[in-house]
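Remarks on the overall topology
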Number of protein chains: 2
Amino acid sequence: MAAKAGVSRQTVSNALNTPRIVHPATLERVMEAVAELGYSPNLHARRLRTSSARTIGVRLEPVHDGIHGVLLDRFLHAVTEQAADLDRHVLVFTADGPDDEVARIRSLSQRSLADAFILTSTDHRDARVAALVEAGIPFVAFGRSWDADGPDHAWVDVDGRAGTREATEACLAVGERVAFLGWPTGSGAGDERRAGWREAMDVAGLATDLDRAVTDDPGEAQEAASELLAAGATAIVCASDTLALGAIGALARADASVPVVGFDDTGVAAGLGFSSVDQSLGDVAAAVLSLLHGDADHRLVTPRLHRRAHPRWGLPAQRTASADGKEAS
Amino acid sequence: MAAKAGVSRQTVSNALNTPRIVHPATLERVMEAVAELGYSPNLHARRLRTSSARTIGVRLEPVHDGIHGVLLDRFLHAVTEQAADLDRHVLVFTADGPDDEVARIRSLSQRSLADAFILTSTDHRDARVAALVEAGIPFVAFGRSWDADGPDHAWVDVDGRAGTREATEACLAVGERVAFLGWPTGSGAGDERRAGWREAMDVAGLATDLDRAVTDDPGEAQEAASELLAAGATAIVCASDTLALGAIGALARADASVPVVGFDDTGVAAGLGFSSVDQSLGDVAAAVLSLLHGDADHRLVTPRLHRRAHPRWGLPAQRTASADGKEAS
DNA sequence: CTGTTAGCGCTTTCAG
DNA sequence: CTGAAAGCGCTAACAG
C-alpha cells in the first residue's frame, strides 16, 4: 500500500491520523492511493498499538418492557448512529444489577474493549457513578445527578419541567382547569414534571388543586383520571404515556372529550392519537457524545411537545401564541 | 506473567487456548497463576494475530416504535446475555436501508470487527440474505425463509401457528365461537398465525367465519372487534397485542366480557391484564447462537401462551386438559 | 517534513 | 509435551 503511493508506511499512517503534519502534495497522493486501493487500516493492529478502541460501551437494561425500554432503545439507536459519524463503535453488554455492571465495565475498560461508557437510568446516589468516578473510567450518565453532594461527573438529562410546562400552556388554550396526573413525590424526574405543570399554572394565576399521583399503571390512572374529570378538568397533562393511556380510558368511560397530553411520545401516543412530550433522544445522544469528547460537564436537553389533533382527546389547532404570550413553537 | 508460573509465555497461551495439549500438572500450575494474578489475555493482540473478533454484529433497526421494537429489543438483550456466556461480544450498528446494512456488514466483516451477523426482520426474497450468502459472510436470520427457491441459509423463527393454535384451544374452554382478528393475507407471519387458529377450529369441528383482517392499528381493530362481538364471538384471538388493545376497547364500549388473547406478550398485555402468546425470545436467541456455531440449518421455536386472568377479558383458570385432550401446559 | 527502527501481546511454526 | 523464534499491522519515537 505504502509503496503504491511512493511513500513510506509511516507517511500513510500520518496522513490518516495527523493529516496536518504531512506535506499537502504528499497527502493528496496518499489519499488518492488510499481511495484507489480501498485501503482501510487494520483496527486490531491500531488498537493493540494504542490500547484504545474508539468504542463506547452501553449496558442493555434487563426489563425493557413497557415504555421505559422503548425510550432506552431509541436512545441507543441515536447514540449508535451518531457514534458512527464520529468513527466510533458501540459495544453492548448485559449485567445482573449495578454491581455487576460496574464489574463488567471495569473488565471492558481494562481490556480496552471500550474506552468510554454511558450509564442509563441513573438514580439518586447511584453506586455506579461513584465507582466509575473513583476508578477513573470515562463515562457520561443519561439522567441528571440529583445529589448535590455526590461526586462530580458528566451527565445529560431531559428538562422534564420544560416539557410539562409547554404541555400545560398548550392545554390552557381550551380551558383553565388543567389537571396533572403524575407519580408520587420522590422520583426526581416525576417531581420535575409536576413542577413544570405547577409553574405554568402559577404563571397563569390558576389553582393547582387538580393534581393526582398514582403508580405508572393504566388501571390506576383511569380511576384517578375519572375523578379529575368529575372535578371539572378541562385537560389532563400526564407524567407518562402510560398514565395518558389510562386517562383516555377514563374519557371513553365517561364519554367525555378533553385534551390529554402524555410524556415520552411512544407508539401508544401515536397509535391513539394523543399529544405527547417528545424527549428528543437524538439531542440527548448528541449531547452525550459531545460530553464523552470532553466538551462540558453536563447539559439539559429541552424536549418538544408533539401535538396531535385527535377529535376526542387531541389538542386544538395550534394558535400563534399561547396564553402567556410565549411562542409555543 | 509467564515467569510467575515458571513456564514460557507460550505454555500459558496453550493452557488457555488448547488446554488438552499441555501436561495436567503444568496446566494446573498455570491456571493457578492466572487466577492469582488476575491475568487476562490482551484481546487486541489476539485479534490481530488471528484476525477474528469473536464478536457478533447486530443492526439496530430504525423505527423501533411500537411493539416490533420492543420485541427486537428483548431479542437483542437475550442474544447479548447469552453471547457473553459463550465469551462472545456484541457490536451494534445502524444502517439506512437494506443495501446500506449489507455494505456496513461487509465493512465490519472485512475489518474483522465482527465475524458473524444476525439479520432481523427478514422478508420475502430478502436482498440481504442473497448478498451475504454470496459474500460468504456467516449470519443467521431471525425470521424464516419463506422462499423455497431462495438461497439456503441458517434461520430461526417462532412458530406463530403453534402459538395461535394454543391460544385458540384455551379460548375454546369458554365457548365455541372463537374469533380471529389478524392482518390481511400476504405477510408470512400473519398468515401463519391465522392458520393456527383455523387449525384449532377445524380440529374442534367449528366454523371459521368469525375472521377479520385489519392493519395493525388499535382503532381499526376496535371497529372490527365490535363487529365480531355483534356476531356472537365468545373469545377473540388476535395476531398482535396492538390488535388486542383495540379488541379490549371494543369490549369496554359494548360493556361485554369475553377473553381476548394477544400476541407478543408486550407490556400492554401485562398492563391491561390480557393473555398473550410469548415469543420466547430467549429460546430464539439460544437457537440463533447455536446456529452461528454451525449446529444446524434452521430451527422453529415454539412460543408459550402467557395466561392472565383479568376478570373482564382474561382466560378462565386453567383446566388440566384443553378441548381436544392435548395438554395445555 | 519524511524515513527508519522498535515493539504493542499474542499465536503459529518449528526444534528440542 | 515444552521452549524459542517469527511476525500479524500498526504508531510512537527518533534520526535525517
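Figured I'd write up the structure that's included with this text. (Residues numbered from 1 in each chain as written. Chains lettered and ligands numbered in written order. Predicted model: local features only at pLDDT ≥ 70, side-chain atom pairs only at ≥ 80, totals over all residues.)

**Things to note about the relation of the copies chain B and chain A**
If you rotate chain B by 180° and push it 0.0 Å along the axis, it lands on chain A with an RMSD of 0.1 Å. With respect to symmetry, the two chain copies, as superposed, fit the operation of a two-fold axis. Within chain B, the C-alpha atom positioned nearest to the axis of rotation is that of B:Leu91, 2.3 Å from it. Here 95% of the contact residues of chain B are again contact residues in chain A; the copies associate through an equivalent surface. (Least-squares fit on C-alpha atoms with pLDDT ≥ 70 in both. Contact = placed C-beta atoms within 7 Å.)

**Regarding the pairing of strand β5 (residues 154-158) of chain A**
Residue and element names in this part refer to chain A. For β5, a buried count of 5 out of 5 residues is recorded, marking the element as mostly surrounded by other parts of the structure. Taking every second residue as pointing to the same face, both faces of β5 are buried, with Ala154, Val156 and Val158 on one and Trp155 and Asp157 on the other. Direction of pairing for strand β4 (residues 139-142) relative to β5: parallel, over a ladder of 3 bridges. Bridging from a neighbouring strand, Val140 pairs with Ala154 of β5. When β5 meets strand β11 (residues 298-301), the two strands line up parallel, connected through 4 bridges. Of the residues in β11, the one forming a bridge with Trp155 is His298. (Buried ≥ 20, exposed ≤ 12 C-beta atoms within 10 Å, placed from the backbone. Helix = DSSP H or I, 4+ residues; strand = E, 2+ residues; numbered from the N terminus. Pairing = 2+ DSSP bridges.)

**Some words on the packing of helix α9 (residues 218-230) of chain A against helix α10 (residues 241-254) of chain A**
Residues and elements named next belong to chain A. Contact pair α9 / α10: the axes reach a minimum separation of 7 Å and the direction vectors enclose 55°. Comparing the axis directions of α9 and α10 gives the class oblique. For the crossing formed where α9 meets α10, the hand is right-handed. Contacts from Pro218, Gly219, Glu220, Ala221, Gln222, Ala225, Ser226 and Leu229 of α9 reach α10 at Thr242, Leu243, Leu245, Gly246, Ala247, Gly249, Ala250, Arg253 and Ala254. Of the residues belonging to the contact of α9 with α10, the class tally is 9 nonpolar, 6 polar and 2 charged. (Axes fitted to C-alpha atoms, helices over the stretch in contact; angles between N-to-C directions. Parallel < 35°, antiparallel > 145°, perpendicular 65-115°, else oblique. Left-handed = near helix turned anticlockwise from the far one by under 90°. Nonpolar A, V, L, I, M, F, W, Y, C, P; charged D, E, K, R; others polar.)

**Focus on the pairing of strand β9 (residues 260-263) of chain A**
The side chains of a regular strand alternate, first on one face of the sheet and then on the other. Residues and elements named next belong to chain A. Neither face of β9 is exposed, since Val260 and Gly262 on one face and Val261 and Phe263 on the opposite face are all buried. As judged from the 2 bridges shared by strand β8 (residues 235-238) and β9, these two strands associate in the parallel manner. Pairing of Ile236 across the sheet is with Val260, part of β9. Remark: the β8/α10/β9 crossover connection has right-handed handedness. (Right-handed = clockwise from strand over helix to strand, strands pointing away.)

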